[in-house]
Structure formats: C-alpha cells, structure tokens
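Here's the letter readout for the chains.
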2 protein chains.
Amino acid sequence: MDDLLPGMLHLVRDGGEPLTRQLTDHLRELIAAGRLVPGQRLPSSRHLAKLLEVSRNTVSFAIEQLAAEGYLTLSAGRRPSVAEGLSLEGAKLPSRTARAAPDAPRLSSWARGLARTQWPLAHEKRPRPFQPGLADEREFPHDLWSRCLRRASRNALSRRERTINHTPLQEALLRHLSEHRGVKAKPDQILIVPTAQAGLTLIAGSMLERGDHAWIESPGYGGAHVALRTAGAVVSAIPLDAQGMTIAARREAPKLIFVTPSHQYPTGRLMPIGRRLELLRYAEMSGACIIEDDYDGEFHYEARPVAALQGLTPSPRIFYLGTFSKSTYADIRIGYVIVPEAHIETFELAQRYMGMLTSIAMQDALAEFIGSGAYLGHIKRMTRLYKGRRDRLLQALAAEAGGHLTVEAPAGGMQLLARCRAAVNDQHLAIRLLEAGVISRPLSSLLYHRSGEQGLFLGFAAWNEKEIDRGAEILGRILRQEKSRCD
Amino acid sequence: MDDLLPGMLHLVRDGGEPLTRQLTDHLRELIAAGRLVPGQRLPSSRHLAKLLEVSRNTVSFAIEQLAAEGYLTLSAGRRPSVAEGLSLEGAKLPSRTARAAPDAPRLSSWARGLARTQWPLAHEKRPRPFQPGLADEREFPHDLWSRCLRRASRNALSRRERTINHTPLQEALLRHLSEHRGVKAKPDQILIVPTAQAGLTLIAGSMLERGDHAWIESPGYGGAHVALRTAGAVVSAIPLDAQGMTIAARREAPKLIFVTPSHQYPTGRLMPIGRRLELLRYAEMSGACIIEDDYDGEFHYEARPVAALQGLTPSPRIFYLGTFSKSTYADIRIGYVIVPEAHIETFELAQRYMGMLTSIAMQDALAEFIGSGAYLGHIKRMTRLYKGRRDRLLQALAAEAGGHLTVEAPAGGMQLLARCRAAVNDQHLAIRLLEAGVISRPLSSLLYHRSGEQGLFLGFAAWNEKEIDRGAEILGRILRQEKSRCD
C-alpha cells in the first residue's frame, strides 16, 4: 500500500492549484470512492512526503484537514487511518450517472399551485411598448441617484444604530407623503420592505387567519390576489361600478379589503369621496381592515393628486401600501407600508421573522434623494412627461383603432384600459400583438369574477412618442386583421 | 351663503402654500365637517374669485379638483353644489377626539404569537462586545464597495433584461462557492433574496404542508425555528452530540431538516463526513429535504474551510443557504439560496409571490465586488483577523473567567460558546452583563429541548483586542460577583 498510494495521487506542479489543496482533495476523493477502505493506514506523513516529493508540511496539513472533516482518524504515535463507519457501500447515495431523473421531493400544495395561476403574467425579458406598470427608467436621474447611493454606502460607519427601518427615510418619506398624498402618520409607522409585494405578504400574514374572507377588486391586481390566498384567505372578487369597488354586505364579512382608490388598477378610475366614506363605514361596521394600495398615486394629470384614503380619518384599520418602483424606476423595487400605530412593534417583529428587511445604505440614499428635493422634482417632471404620453397614446389609438376600442382616459397613472367594442378573445389578441412586438395585458386576465369583458391594458409611461406611435400602428393593424378574419 | 362662505375661508398670502391648494383643502374640510351641506350651492367661480380676491383660475382649479374627488357636483350652466349622498352624519367615523383608544383590529394568531417568542433576542441599538453574529464593519472596504455600487447604479440603462436573479452575480458567486465551499450547481440554481431569513421563509413555504414535521438542531438557530413554524410545521428539536445533529428514526419522518454542518450554530462544531453521510442517507431514505445553512462557512481557522454538504452528492433534496451579511458586513443583508435544479422555476415564482426580490443594481455591484477578487481578499484578511480575535478571546476568558467557564474553541466562525461550570442562571447572567455594557446570548435561550445546560454565546469577530480584553474583564468581574453572592 505504501507504494501504491503515490501512484494513485496525481499532483500537478504547474503552479496552479496549491499542492496542499490538491493532496487534500485527492485523498478525500480516494476515501469517498472507497479506493482507500475504512481502517486502512496511510504512510506516515514523513514517508508520504518523501514518496510524493512534497514538503512534510503539505502532507501534515492535508492529513489534519481530513481528520477534521472526519475522513481520517489520528491517534498519537500511530499512522493515520481511514475512518471507520463511513460505510459508503451502504450509502446508496445518488450519483450523477446512477440516476438520470432523481426523485424530486414533493413541493407544498401552495408551491404546486404557483404554476397554475396567471400572475405574474409572463413577459419578455426586455420591456417593450405597451408593457404596463413601467416607469421610464431612461428619464430617471441615475447619476444623481448613484451619487446618493455612494455617499450613503461610504457613510456606513457613521450609522451605528441597528434599526431595521431607517429613521431619516421614515421622516423624509412621511414629509413627502403627508404633503403630497395627504397621509397622516408618525414616522415609525412606516416600514421599509424589499418590494410592495413583500409588504402585502407581511400584512396578509399578520392579519389573516386561514379561512378568513378577503375582498379584491375585479378587474384588479393579481399580486393582491396571490398574497391574500397565500395567507390562506378565501378571496372574493368584488365587481366595480363607475366609482370603483361596490360595497354590499355579503354573507361573510371580510377581514381584509384590498383597494386602489387613487387610480383603480386596471381601470384607472378615481374612487370619489362618497364611496370612500362608504368603504370606511363598512370596514368600521364589519371589523374589516383596508389595504390601500397607492402604487402610482403620485401621477395625476387633471388636478392635484387625490389625497389618500389613509388620511381621511385616523383609523386603526387602514394599511397604506406604496412603492418606489413607479415613482423612480422599476429596479429600485423598495416598497413601504404604513401600519396602524398600535401594530408597529408586531409588524417590525413580523418583518424580522419573514426576513423582509432592506439595506440601510439603500434606505439612507433614498432619504437623501427625497430630502434634497430630487424625488419631488423627478415626480413633477415625469407627471408632465407621462401626461403628454397618455394624450399621445389616446390620440394614436383613436387614429389607428378607434373603431375597435373604447378607451377610458385615466386621470393619472401609467397605463390605460382599452375595451374591445366587438366580441374578440383578448388573450388571443395579446398573443398576436406579442408576436408583432407589442406587449399588452388582456383585460380578461385581470378579471376575478365571471364577466365577458374583453380589452387590453396598455402602459404608456415608459415609451416615447415614436415608440407609442409605432406600437399603436401595430395594434391597429392586428385589430383590422382580426376583424377581417372574423367577417 | 354667498357672503358667508368667504368668511369661512382663511387664505394666507405669505407665499407659502399655493392659494389653489389652500382653497381646495379648506373647501374640502368645510364639506367634510358638514359646514357646507349636501345640495348646497357654491357661488359661481367668477363671483367666488371676486369675493376672495383670487384669480378665477385658482377657483376653477379647486372646484374641478373637488368635483373629481366627489365632493362637488357640476352640471352645465349651474353653480357647483355640494354632493349628495356623502351623509357624513351617519358615518360614525372615528375622530381623533371621539376615541381615545380605537379598537385595534385583531392580529392573526401567528402575529399574536410573535411577541411571545425569544427570537430575535432583543439587543441594544448600538452593537457592543460580545454581540454574536456580527462581522467587523469597520474593517470592510466601504469605499471600494461604494464605488461598485455607484458604477452598477450608473450602468442601470445598459441592463435591459428583466430577470429577478442577476446572471452575472449568479455566475460570480457560483465560481466563488464552487472553488471555496465545494458547492456544485448551475448558475441559475442560485436565487438572490433580501436576507437569509427570507430564503428560509421561501424554502419553508414552498416545501412544507401545514402539519408536516421538521427538525432543527438544539441548541440551534432561532430564525430557522420561527421560519419553519410560520410555514405550519411541527418542529422537533434534535439534541447534538460531539458530531452535531444526532440522526435517529423518530415516529414521524421529517419533511425538512435544518442543519449548520460547517460550524454548528451555536456550538461551532464541525459535522464530520461520517455524520454527513448518515444525514444524507437518512434524508434519502425518509424522503426529507435538507436546508444546509452555511452562514459563516467562509471563516475557518485550523485548515481550509470544510466543503459544503451540498457538494458531496448531486441531490434533489439539498437547499444551500448563504448570506453576505457575515462575509461582508451586516447591513448589506442580501442572502442566497441554491435550490435543486428541478425546482428553479417554481422557486422564482415563489420569490415573486412573496416579493423577495432585490435591486439588480445591488446584485450587479456584488457581481463586480466578487469578480474583481475584492470579496475573496476581504474574506482572507478577515479570516486572519478573526482567528487572532478568537485566540485573544480564548486567552482573555481563560485569564478572567477560567474557573467559571468551559470554552469550546471553535474551528471557525465568528463566535464561541462558553459553558458555565457551576449551575447558574445564564439568562440572569446575560442581563447583569448587559447592564455592565457587555452583550451575550444565554445558551438556554438557544435550546429547544429540555436541558439544564447553561452558558454564554459570545461573538469575537467584530471587536478589536482592546474591546475583547475589556469585555472579558467585565465578564470575569460579574461572574466572580455572582459566585460570591451564591456562596
């Protein structure tokens, strides 16, 4: 054996991998493969070093490492031996060759259900017109923002507090939200979360018992649907009228109601004060909580943005959800939740439990970006720009597809809903459009109640006039083709 | 009325708040407070402008805004009227004065349970010796890192792909992990998550059915305990022997097994190959999956870090969990999960559902930081530094508290476990230490099975020699005081 071992060890001396490492790895492999058997003794390290023409340190290091890992047994005055009890023969470990298709362990029923839902809707790797929900990242002041990030990151050592929600960001954001969104809160009611969807998951998990009822709007936001269902809720889809979600007592009172009152998603409608009060009264009466998703409430084109529901009344029932992804650019991701004051502590614990924390450097950079006025400046500039793009898309749709589509001009936001005048299959239409290079969301995929409505949900914020015109042209062409095919 | 209204409206002309905004807000408040009643007509905008001595545009804008919000009703040729159906009297909205203690809605039973658990252990806002689990952020190359961040952020527009897990980071991290941790995977098996805890939540939610059994180590990591319980698992605490988690068939086979084989948390023990194989065999036989948490596996002081369990065999049952918080600095937070190849798609969907995404700019900066060699360089430098600090703490504890504590010198990691020789109450001890300015974790708070073990879990990585000496001195003094009090 003493003479066989060196022949089994192929050390390469080209200065690449260190010899110690090669020797350790090769010895481990020999043991793991059963070529050195349990109980078998290695040569002494002095002897092995000589046989291999390496330094004794190299051998000693390898042997100690393998002893630490349990492959070798050392005892004073004796040569190292291959550890007993590894019994690799009985191991039946799957090897790459032995099993072509290993038995994948069973996923939870929740995970198995993921593939069957329509959210998130598959989209292309590269955004194209008219993908909804996208801000124009080409217009974002990346340079200014990257300087904020750099400064915040360099200043890491000056911040020794271990808070998970950074006070300067809570304060700057609250000043902004109370001034521009009518929000009423204390800074520490604001939790900073990795994404708005994480915020939804957090609220749903903290408020819902398995089997509780919850309401969403229909048509409505798929992310809310999945977050509420993930938390075990029985979700009811509430149809809309011209004022938004209709409130009518149902057999089972909801524990949570998800609404988008500033611009209903996807119709873009504004929920007027009468319906807002009705909703608040209903929540108060039935004991429900409200999640107000103000995802793009910053952008309002006809007048000043309508104030948030959250600020209407100091209520322990309203959760306000926001995101920086629409007001800055998609990749920033970070979202925030304003929780009722009574729940601050519990929600900070829930954040830690679920791991929904974000880098303090990132939060600090956002605090500077907002505090310096750059955030508001950007929002104001984008509001003008997006308004122009909305009008351009309305115009282009009227010209190219006026006979086929009825468009509700949204008072704000980043997208519009174009309903089909004739009975078409909007999912089929969306596929045809995608093939021609235009992204859209079929209205039917956003409906959660039985309804024959068909239409296309189109984003305008991220595209310049040329892109809008070209997209509308393609849309018009496809619609005319589909029409003539049906005739 | 026409003459009364101006008296109710107090406009301030000091150039602060715009007049349009003041007028809108005041009119809204008058309506909301019921001082203008439903059906009541406002003066014409021309007349009101005159009465208030403001421009007609100002009045028109305010009126249109309030009409959009539903407070006023407009009809052609008639003066605007306060909307009907607001019926604020019946609203019974809670007002700030009417309700001192509003009925806070009931939290889910999960959320109510948060306050009763011991994890995360409360700690001071500012880190102090010997808080475990902390890297020394003073030694981190913040300047270099902030330049990576800035570059990645400025380059945002050159990256138009909408992936949630950034390929360059997956590739750089895989190269690092396969070279230094023996991990075997394809790049797209690596998911980048906001925190390692988020990774745990993701795995638990995707693999566990309510009522499934799961194993954790005891003593062990509280974060795993809470993540598994949050997913509805019945968690069994498995006692350790010298080789780590003991494997013995129990009545109910577990669906998930959480282990820390590189440095057991909190004992710092290395699980040798024999036990690793036993664990893999048991998982294979029982159909369990394994979560290998390699939280600080980079730091090994006696030899090269022991290779990860994940690389031992290509298995569809192993989830590998890592974090940048230990290898860089705590605030970076970002974690990663290596999922079995068969589950990549499902887990990316689960990431989106739960909102566990991180900024691509941050991921890109990490890719550069790793790719440039700065990451490995930092780890190597910290390994030397932390080894010295471990030795210093061992020395200082022997000198100051040798008679009271038995210390297992950990072969790696950032913390050590000092067991109390005498029967003391380690929770009481930890409180006394905290009052004296020293942070520790009582061992009993990390035990999940019945056991009389008492000790202190102490971090050494984040503290320099002077801080270590001072901390140990305080520790020794308190231990002597406690001893004499008992005698």
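Residues numbered from 1 in each chain as written. Chains lettered and ligands numbered in written order. Predicted model: local features only at pLDDT ≥ 70, side-chain atom pairs only at ≥ 80, totals over all residues. Heavy atoms only, no water.

Peer 1: Please set out the overall build of chain A residue by residue, giving values where relevant.
Peer 2: Helix and strand counts for chain A come out as 16 helices and 14 strands. Scaling as 2.2 N^0.38, a compact globule of 487 residues should have a C-alpha radius of gyration of about 23 Å, whereas chain A reaches 31 Å, well beyond that. For chain A, buried positions account for 59% of its 487 residues. A fraction of 72% describes how many contacts in chain A between residues 6 or more apart in sequence connect residues 24 or more apart. Total accessible area computed for chain A in this model is approximately 19100 Å², and 50% of it derives from carbon and sulfur atoms. (Helix = DSSP H or I, 4+ residues; strand = E, 2+ residues; numbered from the N terminus. Rg over C-alpha atoms; globule rule 2.2 N^0.38 Å. Buried < 20%, exposed > 50% of the residue type's maximum accessible area, 1.4 Å probe, protein only. Contact = heavy atoms within 4.5 Å. Areas by Shrake-Rupley, 256 points an atom, 1.4 Å probe, with all protein chains shown as cover.)

Peer 1: Please provide a residue-by-residue account of the pattern of salt bridges, values included.
Peer 2: In total, this model carries 48 salt bridges over all chains according to the counting rule given. In this structure, Arg392(A) and Glu465(A) form a salt bridge, with 2.8 Å as the shortest nitrogen-oxygen distance. On the criterion of sequence distance, the pair formed by Arg392(A) in helix H14 (residues 374–401) and Glu465(A) in helix H16 (residues 465–486) is long-range, its members being 73 residues apart. Residue Arg392(A) is classed as partly exposed on the basis of its relative accessible area of 25%. What emerges from the salt-bridge pattern is a single network uniting Arg21(A), Asp25(A), Arg28(A), Glu69(A) and Glu179(B). (Salt bridge = Lys/Arg side-chain N within 4 Å of Asp/Glu carboxyl O.)

Peer 1: If you had to explain the relation of the copies chain A and chain B to someone new, which residues and values would you point to?
Peer 2: With an RMSD of 0.1 Å, the operation that places chain A on chain B is a rotation of 180 degrees combined with a shift of 0.0 Å along the axis. Within this description, the copies of the chain are treated as partners about a two-fold rotation axis. When each C-alpha of chain A is compared by its distance to the rotation axis, Arg150(A) comes out closest, at 2.7 Å. Interface overlap between copies: 100% of the residues of chain A at the interface are likewise at the interface in chain B, consistent with a symmetric, same-surface contact. (Least-squares fit on C-alpha atoms with pLDDT ≥ 70 in both.)

Peer 1: Requested: an account of the nonpolar core, with residues and values cited.
Peer 2: Formed by 124 residues in total, the largest nonpolar core has its most connected members in Trp145(A), Phe324(A), Trp145(B) and Phe324(B). Setting aside chain neighbours within four positions, we find Phe324(B) in contact with Leu169(B), Leu173(B), Tyr329(B), Ile332(B), Ile334(B), Tyr336(B), Leu366(B), Ile370(B) and Tyr375(B). Membership of the second largest hydrophobic core comes to 76 residues, among which are Ala196(A), Ala198(A), Ala224(A) and Ile291(B). (Core = buried A, V, L, I, M, F, W, Y, C linked by side-chain atoms within 4.5 Å.)

Peer 1: Hey, could you go over unusual backbone geometry for me, with residue numbers and the actual values?
Peer 2: Negative phi is the rule for most residues except glycine; trans is the rule for most peptide bonds. Between Tyr265(A) and the following residue, Pro266(A), the backbone shows a cis peptide bond with an omega angle of 10 degrees. The linkage connecting Pro129(B) with the following residue, Phe130(B), adopts the cis geometry, with an omega of -5 degrees. Examined against the element boundaries, Phe130(B) turns out to sit in the loop between helix H5 (109–114) and helix H6 (142–154). One non-glycine residue, Arg333(A), lies in the positive phi region at around 65 degrees.

Peer 1: Could you give me a rundown of the packing of helix H8 (residues 196–207) of chain B against helix H12 (residues 344–354) of chain B, with the residues and numbers involved?
Peer 2: Residues and elements named next belong to chain B. Close contact between H8 and H12 brings their axes to 10 Å; oriented N to C, the two are set at 115 degrees. Compared by their axis directions, H8 and H12 come out roughly perpendicular. Here H8 and H12 pass one another in a crossing that is right-handed. Between H8, through Thr201, Leu202, Ile203, Gly205, Ser206 and Met207, and H12, the contact on the second element is made entirely by Phe347, Ala350, Gln351 and Met354. The class makeup of the residues in the contact of H8 with H12 is six nonpolar, four polar and no charged. (Axes fitted to C-alpha atoms, helices over the stretch in contact; angles between N-to-C directions. Parallel < 35°, antiparallel > 145°, perpendicular 65-115°, else oblique. Left-handed = near helix turned anticlockwise from the far one by under 90°. Nonpolar A, V, L, I, M, F, W, Y, C, P; charged D, E, K, R; others polar.)

Peer 1: Requested: an account of the packing of helix H2 (residues 19–32) of chain A against helix H4 (residues 56–69) of chain A, with residues and values cited.
Peer 2: Residues and elements named next belong to chain A. Interaxial distance between H2 and H4 falls to 9 Å at its minimum, and their mutual angle equals 45 degrees. As judged from the angle between their axes, H2 and H4 are oblique. Viewed along their axes, H2 and H4 form a crossing whose handedness is right-handed. Between H2, through Leu19, Thr20, Leu23, Thr24, Leu27 and Arg28, and H4, the contact on the second element is made entirely by Thr58, Val59, Phe61, Ala62, Gln65, Leu66 and Glu69. The residue makeup of the contact of H2 with H4, split by class, is seven nonpolar, four polar and two charged.

Peer 1: Quick rundown of the sheet that holds strand E13 (residues 441–442) of chain A? Include the residues and the values.
Peer 2: Strand pairing in a sheet takes place through backbone hydrogen bonds and is either antiparallel or parallel in direction. Residue and element names in this part refer to chain A. Spatially, E11-E12-E14-E13 is the arrangement adopted by the four strands of the open sheet, whose pairing is antiparallel. Every interior strand has two partners, whereas the edge strands, strand E11 (405–408) and E13, have only one. Two elements, strand E12 (residues 415–420) and strand E14 (residues 455–459), share five bridges in a ladder whose sense is antiparallel. In the sheet register, leucine 417 faces E14, and the bridge partner there is phenylalanine 457. Across the face of the sheet, H14 comes into contact with E11, E12 and E14 while running at roughly 165 degrees to E11. The sheet contacts of helix H15 (residues 426–435) involve E12, E13 and E14, and relative to E14 the element is tilted by about 40 degrees. (Pairing = 2+ DSSP bridges.)

Peer 1: An account of the side chain of Thr328(A) is requested, with residue identities and associated values reported.
Peer 2: All names here are of chain A. Structurally, threonine 328 can be placed in the loop between helix H11 (324–327) and strand E10 (335–338). Overall, threonine 328 belongs to the buried group, its relative accessible area being 1%. Setting aside its immediate chain neighbours within four residues, threonine 328 contacts Ala135, Phe140, Phe369, Tyr375 and His378.

Peer 1: Outline the pairing of strand E11 (residues 405–408) of chain B, listing residues and values.
Peer 2: Each regular strand shows side chains that alternate between the opposite faces of the sheet. Residue and element names in this part refer to chain B. Pairing of E11 with strand E12 (residues 415–420), which is carried by four bridges, proceeds in the antiparallel orientation. Across the sheet, the residue bridging to threonine 406 is arginine 419, located in E12. A loop of six residues connects E11 with E12, the two strands running antiparallel in sequence, and glycine 413 in this loop sits at a positive phi of about 85 degrees.

Peer 1: Before we move on, could you go through the packing of aromatic side chains and cite the residues and values that matter?
Peer 2: In total, this model carries 28 aromatic pairs over all chains according to the counting rule given. Measuring from ring centre to ring centre gives 5.6 Å for Phe140(A) and Phe369(A), while their planes differ by 45 degrees; the resulting arrangement is tilted. Here Phe369(A) lies in helix H13 (residues 360–371) and Phe140(A) lies in the loop between helix H5 (109–114) and helix H6 (142–154), a separation of 229 residues in the sequence. Accessibility assignment for this pair places Phe140(A) and Phe369(A) in one class, buried. Here the aromatic rings of Phe369(B) and Tyr375(B) are separated by 6.4 Å at their centres, their planes lie at 65 degrees, and the arrangement is edge-to-face. Ring pairs connect the aromatic residues Phe140(A), Trp145(A), Phe324(A), Tyr329(A), Tyr336(A), Phe369(A) and Tyr375(A), which therefore count as one cluster. (Phe/Tyr/Trp six-rings, centres within 6.5 Å; stacked < 30°, edge-to-face > 60°.)

Peer 1: Describe the interface of chain A and chain B, listing the residues and the values that go with them.
Peer 2: Of the residues lining the interface, 119 residues belong to chain A; the matching set on chain B comes to 119 residues. Interface of chain A and chain B: buried area, both sides summed, is about 10600 Å²; carbon and sulfur atoms make up 59% of it. At the boundary of chain A with chain B, the tally comes to four salt bridges. Among the salt bridges present, the one from Glu179(B) reaches Arg21(A), with a minimum N-O distance of 3.2 Å. Joining chain A to chain B, the criterion identifies 28 residue pairs in polar contact (both at pLDDT 80 or more). In terms of residue count, H6(A) provides more of the side of chain A that touches chain B than any other element does, nine residues in total. Across the side of chain A that touches chain B, the residue classes tally to 57 nonpolar, 26 polar and 36 charged. (Buried area = accessible area lost by both parts, 1.4 Å probe. Polar contact = N/O pair within 3.5 Å; in protein donor to acceptor, adjacent residues only side chain to side chain.)

Peer 1: I'd love a proper account of the domain arrangement of chain A, names of residues and values included.
Peer 2: Split by domain assignment, chain A resolves into domain 1 (5–82), domain 2 (139–376) and domain 3 (378–486). Spacing between the C-alpha centres of domain 1 of chain A and domain 2 of chain A amounts to 59 Å. (Domains from an automatic or database assignment.)

Peer 1: Give me the lowdown on the sheet that holds strand E4 (residues 213–218) of chain A, citing residues and values where you can.
Peer 2: All names here are of chain A. Strand order across the open sheet formed by eight strands is E3-E10-E9-E8-E7-E4-E5-E6, with mixed pairing between neighbours. What marks the edges here is a single partner per strand, and that holds for strand E3 (190–193) and strand E6 (244–245). Inspection of the sheet shows E3 paired to E10 by four bridges, in the antiparallel sense. Of the residues in E10, the one forming a bridge with valine 193 is glycine 335. The strands that helix H8 (residues 196–207) touches are E3, strand E7 (256–259), strand E8 (289–293), strand E9 (318–323) and E10; relative to E9, the one it contacts most, it runs at about 160 degrees.

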